[in-house]
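Reading the structure
Residues per chain are reported as follows:
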Amino acid sequence: MKKISDWSVFRAFRSRNYLLYFFGRAITQFGTWMQRTAVVWVIYSITQSAFWTGVTFFAEQFPAFLFSFAGGVVADRHDRIKVIRITQVASMIQAVSLAVLVYTGHKVVWEILTLSVILGIINAFDVPARQSLVHLVVADPSDLPNAVSLTTATASLALLLGPALSMFILTAWGASACFLINAASFGGVIVSLLLMKLPPYQQKKTDKHVLSEFWEGFVYVWKTPELGHTILMLAIVSLLVQSYSTVLPVFAKVVFHGGASTYGYITSGVGVGALLGTVFLASRKPDAHLKRILFISTLAMGIGLVCFASIKNFPAAMLFVVLAGFGGMTLVTACNILVQSESEPHMRGRAIGILLMAIFGLMPPGSLLVGWVSQHVGAPVTVLTQGVIAIVVALAFRWVSFPGWQTAFRQGPGH
């Protein structure tokens, strides 16, 4: 009988350091999704407005866009372990502050949004360092794609269970309990970092300015089509499609006539699809065609959103929100794998920073746009349009990335 470490879907667990990294990250991801869900629900409960839920997403994600280029440079210049320790402590303080704010009854929207902005700045430095750390904790370079997929699977599983658990805790003990649990979860990452055995960090000497180094990374990505086309596709989807989560509270309360639990079910449905997507990528063969996976996942997300927006039966709609979650997470994970695998080691932190800019930089204005549009045309029409856009983007990406398909199209079916 094969050992668990020999199974293809778990082969990255053969690295002790990665195993520690995986479980530390898994713990904090559950807390993160509990807090994120609770914040959105608190804001929506106060304002009863889809626009303000969009502002909530914007407040956390846009600062991550503004500072992610600096975060990528810091990840390439400094000891990533120390950077992550600092960001985890800062995140813990932010979560405790949020818990105190809500527990004492000061649920003022601008105060919650200010703390969300602070978290966004922290994440701008935390995520590039954490993502690029995977290379250091995986002993066998051939296990890297599997490690990235398994790492993303932790976020998917947290997206599946975190919102549902947060709704139970919200009902029983209130939002402040969710925030305190999230604060405690950051301890898991700190402990895992302390237990890792890594070679001493070698300080890198450079006389270049931060902006100069970032521009160098941007030019590198632009001149590498394998990276540039992928990041451009993700940027378009982040702006116009991925922000559909902004109006999910509206679907829960207005379309399906439910409450907090209904919102938790819908968000968990997205998580089920996301988990299935990451398991699919983790078990794929090393030589699997990532660009083909990008095309299929974007198409699946578009079809899922179109059907979810068109169906009024809740159980049936849940099937398609799962499909949308599958496509969305598979797309982001495949992009992450491709960027990490194809980037040069000395450019990896900056390439990841630019990838994060495509996500964090364009999802916030996308959330505002979706919130504003849904106020005028309704949530179902908005999400239906987003699904159509995803299908168009998938077809355009296939046209650009598969020259043979263009030739076959021009020649027609008879050739």
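Residues numbered from 1 in each chain as written. Predicted model: local features only at pLDDT ≥ 70, side-chain atom pairs only at ≥ 80, totals over all residues. Heavy atoms only, no water.

1. A few points about the overall build of the chain
- Helices and strands together make up the secondary structure of the chain, namely 16 helices and zero strands.
- A burial count over the chain gives 56% of its 415 residues as buried.
- Element-wise, carbon and sulfur atoms account for 71% of the exposed surface of the chain, whose accessible area totals about 17900 Å². (Helix = DSSP H or I, 4+ residues; strand = E, 2+ residues; numbered from the N terminus. Buried < 20%, exposed > 50% of the residue type's maximum accessible area, 1.4 Å probe, protein only. Areas by Shrake-Rupley, 256 points an atom, 1.4 Å probe, with all protein chains shown as cover.)

2. Quick notes on unusual backbone geometry
- One non-glycine residue, His257, lies in positive phi territory at about 55 degrees.
- For His257, the position within the fold is in the loop between helix 9 (248-255) and helix 10 (260-282).
- Its relative accessible area of 69% is what places His257 among the exposed residues.

3. Concerning the packing of aromatic side chains
- Taken as a whole, this structure holds 13 aromatic pairs when the rule is applied.
- Ring geometry for Phe22 and Phe23: centres 5.2 Å apart, planes at 90 degrees, overall edge-to-face.
- Exposure remark for Phe23: the relative accessible area of 46% places this residue in the partly exposed category.
- Within the aromatic cluster, the residues linked to one another by ring pairs are Phe13, Tyr18, Tyr21, Phe22 and Phe23.
- The aromatic ring of Trp33 is capped on one face by Arg36, whose charged end is 4.8 Å from the ring centroid. (Phe/Tyr/Trp six-rings, centres within 6.5 Å; stacked < 30°, edge-to-face > 60°. Lys NZ or Arg CZ within 6 Å of the ring centre and 35° of its normal.)

4. Considerations on the packing of helix 2 (residues 50-77) against helix 14 (residues 363-377)
- Axis separation between helix 2 and helix 14 bottoms out at 8 Å; the angle between their running directions is 175 degrees. With respect to their mutual orientation, helix 2 and helix 14 come out roughly antiparallel. For the pair formed by helix 2 and helix 14, the contact residues are Ala50, Phe51, Gly54, Val55, Phe57, Phe58, Gln61 and Phe62 on the first element and Met363, Pro364, Pro365, Ser367, Leu368, Gly371, Trp372, Ser374 and Gln375 on the second.
- Here the residues of the contact of helix 2 with helix 14 sort into 11 nonpolar, six polar and no charged. (Axes fitted to C-alpha atoms, helices over the stretch in contact; angles between N-to-C directions. Parallel < 35°, antiparallel > 145°, perpendicular 65-115°, else oblique. Contact = heavy atoms within 4.5 Å. Nonpolar A, V, L, I, M, F, W, Y, C, P; charged D, E, K, R; others polar.)

5. Some points on the nonpolar core
- Judged by nonpolar contacts, the single largest core of 103 residues is most densely connected at Tyr18, Phe179, Phe251, Ile266, Phe308 and Leu331.
- When residues in this core are grouped by element, the largest group, 12 residues, is from helix 1 (residues 16-47). (Core = buried A, V, L, I, M, F, W, Y, C linked by side-chain atoms within 4.5 Å.)

6. Here we look at the confidence of the model for the chain
- Counting all residues, the mean pLDDT for the chain is 79, and 86% of those residues have values of 70 or more.
- Within the chain, the lowest mean pLDDT, 47, falls on helix 16 (residues 403-411), and the highest, 90, falls on helix 11 (residues 290-310).
- Note that residues 1-7 has pLDDT below 50 and, in this model, five contacts with residues that lie over four places away or in other chains.
- The low-confidence segment residues 405-411 (pLDDT under 50) makes seven contacts with residues lying over four places distant or belonging to another chain. (pLDDT = per-residue confidence, 0-100.)

7. Let's talk about empty space enclosed by the protein
- Enumeration according to the criterion identifies two cavities of 30 Å³ or more in this entry.
- There is about 40 Å³ of room inside the second largest cavity.
- Lining of the second largest cavity is provided by Tyr21, Gly24, Arg25, Arg130, Val189, Ser192, Leu193 and Met196.
- Elements represented by at least two residues in the lining of the second largest cavity include exactly helix 1 and helix 6 (175-195). (1 Å grid on protein atoms, 1.4 Å probe; cavity = no way out; pocket = protein on both sides within 12 Å on 5 of 7 lines; lining within 4 Å. Points joined across faces, edges and corners; volume = space filled by probe spheres on them.)

8. Description of the pattern of salt bridges
- Per the counting criterion, the structure on display carries one salt bridge.
- Residues Arg130 and Asp126 are paired through a salt bridge, measuring 2.6 Å at the closest nitrogen-oxygen approach. Of this pair, Arg130 and Asp126 both sit in helix 4 (residues 109-137), four residues apart, roughly one helical turn. (Salt bridge = Lys/Arg side-chain N within 4 Å of Asp/Glu carboxyl O.)

9. Digging into the side chain of Thr330
- Mapped onto the secondary structure, Thr330 falls in helix 12 (residues 314-342).
- Residue classification places Thr330 among the buried positions, given a relative accessible area of 1%.
- Setting aside chain neighbours within four positions, we find Thr330 in contact with Gly277, Phe280, Leu281, Ile293 and Ser297.

10. Here we look at a nonpolar patch on the surface
- Among the surface-exposed residues, Val96, Val100 and Leu180 lie close enough to one another that they form a single nonpolar patch of about 240 Å² accessible area.
- Within the fold, Val96 resides in helix 3 (residues 80-103).
- With relative accessibility at 35%, the residue Val96 sits in the partly exposed group. (Patch = residues over 30% accessible without salt bridge, like charges linked within 9 Å, V, L, I, M, F, W, Y side chains within 5 Å.)

11. As for the environment of Ser149
- Its location among the elements puts Ser149 in helix 5 (residues 144-173).
- Classification of Ser149 as buried rests on a relative accessible area of 0%.
- Along the backbone, Ser149 and Ile337 are 188 residues apart, and their C-alpha atoms lie at a distance of 7.5 Å.

12. Considerations on the packing of helix 1 against helix 3
- At a minimum axis distance of 12 Å, the contact between helix 1 and helix 3 shows a crossing angle of 35 degrees. Helix-helix and strand crossings are classified by hand; for helix 1 and helix 3 the assignment is left-handed. Note on element contacts: helix 3 touches helix 1 through Gln88, Gln94, Ala95 and Leu98, opposite Thr28, Gln35 and Val39.
- Its residues placed into classes, the contact of helix 1 with helix 3 shows three nonpolar, four polar and no charged. (Left-handed = near helix turned anticlockwise from the far one by under 90°.)

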